[in-house]
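Per-entry structural report
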Amino acid sequence: MSELYCDIIPTPIGPVRLLGSEDAIQQLFLTEDGPPDGAVLRPNFGGFANRLRAYFGGDVSALEELPVDPPGTPFQQEVWRELRRVGPGATVSYGELAKRVHRPDASRAVGMANARNPIALVIPCHRVIGTNGKLTGYAYGLDAKRWLLRHEGALLL
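The following paragraphs examine the structure supplied in this document. All figures in this text were calculated on a predicted structure; none of them were measured in a lab. (Residues numbered from 1 in each chain as written. Predicted model: local features only at pLDDT ≥ 70, side-chain atom pairs only at ≥ 80, totals over all residues. Heavy atoms only, no water.)

This part is about the side chain of Lys-145. Checked against the element boundaries, Lys-145 lands in helix α5 (residues 142-152). Although buried, Lys-145 forms no salt bridge, and the nearest oppositely charged side chain, Glu-152, lies 11 Å from it. Setting aside residues no more than four positions away along its own chain, Lys-145 makes contact with Cys-125, His-126, Val-128, Leu-135, Thr-136, Gly-137 and Tyr-138. (Helix = DSSP H or I, 4+ residues; strand = E, 2+ residues; numbered from the N terminus. Buried < 20%, exposed > 50% of the residue type's maximum accessible area, 1.4 Å probe, protein only. Lys, Arg positive; Asp, Glu negative; His and termini not counted. Salt bridge = Lys/Arg side-chain N within 4 Å of Asp/Glu carboxyl O. Contact = heavy atoms within 4.5 Å.)

As structure tokens, this is what we get:
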């Protein structure tokens, strides 16, 4: 098993804690917490911090091809793969995302998978909005979600 690395990156929406290996990101959370037990603090492991800095610096496509390895159920994995297809500047509703994973009646289950996303920003759960076009809950708060969507050009106000 490869070593678990951690990096803490300051961002305009708060500190981001990044966990993973040189090969893939396993977790990305907006948190003040430091490295968890068993993780080695290693700045810019895998070059991932540089990509986050590029994203927040204006290159909104900088996170699109980052390798990820999130723990989750097969259904969660399917939802997260589809969610990564929603590019910067775009949004999708829970209902539309459910249709895209061929489960049109599963918008609540899609919402739960979205809520359990362990790699925020890279698996862009902030791009999921309500069917009526309104911003819905976001684990890091609606202000952060609004900031991210404005940053990506999906919200003009």
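As a further point, take the pattern of salt bridges. Counted by the stated rule, this structure contains six salt bridges. One salt-bridge network, held together by shared partners, links Glu-64, Arg-127 and Glu-152.

Let's shift gears to the environment of Ile-123. Its place among the elements puts Ile-123 in the loop between α4 (107-115) and β6 (128-129). Taking the relative accessible area as the measure of exposure, Ile-123 reaches 1% and is therefore buried. As a C-alpha pair, Ile-123 and Arg-85 span 38 residues in sequence and 9.1 Å in three-dimensional space. Every residue in contact with Ile-123, bar those within four places of it in the chain, is listed here: Pro-70, Trp-80, Leu-83, Arg-84 and Asn-117.

The subject of this paragraph is the environment of Arg-150. With respect to the helices, strands and loops of the structure, Arg-150 is situated in helix α5. Each C-alpha atom, one on Arg-150 and one on Gly-89, is 8.3 Å from the other, the two residues being 61 residues apart in sequence.

Okay, the packing of aromatic side chains next. Here the structure, examined in full by the defined rule, presents five aromatic pairs. A centroid spacing of 5.0 Å and a plane angle of 85 degrees characterise the contact between Tyr-55 and Phe-56, whose relative ring orientation is edge-to-face. We classify Phe-56 as buried; its relative accessible area is 13%. Aromatic pair Tyr-138 and Tyr-140: ring centres 5.5 Å apart, planes at 80 degrees, arrangement edge-to-face. Stacked on the ring of Tyr-5, the Lys or Arg Arg-42 has its end atom at 4.7 Å from the ring centre. (Phe/Tyr/Trp six-rings, centres within 6.5 Å; stacked < 30°, edge-to-face > 60°. Lys NZ or Arg CZ within 6 Å of the ring centre and 35° of its normal.)

The four strands lie next to each other as β3-β2-β1-β4, forming an open sheet whose pairing is mixed. The open sheet has two edge strands with one neighbour each: β3 (25-30) and β4 (40-41). As paired elements, strand β1 (residues 5-9) and β4 share two bridges and run parallel to each other. The partner of Cys-6 across the bridge, within β4, is Leu-41. (Pairing = 2+ DSSP bridges.)

Okay, the nonpolar core next. The biggest cluster of nonpolar side chains holds 40 residues, and the ones touching the most others in it are Leu-18, Leu-28, Leu-52, Val-79, Leu-83, Val-110 and Leu-121. Going through the elements one at a time, β1, β2 (16-20), β3, α1 (48-56), α2 (74-84), α3 (94-100), α4 and α5 are the ones with two or more residues in this core. Of all the elements, α1 adds the most residues to this core, at five residues. Once residues lying within four places of it in the same chain are set aside, the contact partners of Val-79 are Leu-97, Val-101, Val-110 and Ala-113. (Core = buried A, V, L, I, M, F, W, Y, C linked by side-chain atoms within 4.5 Å.)

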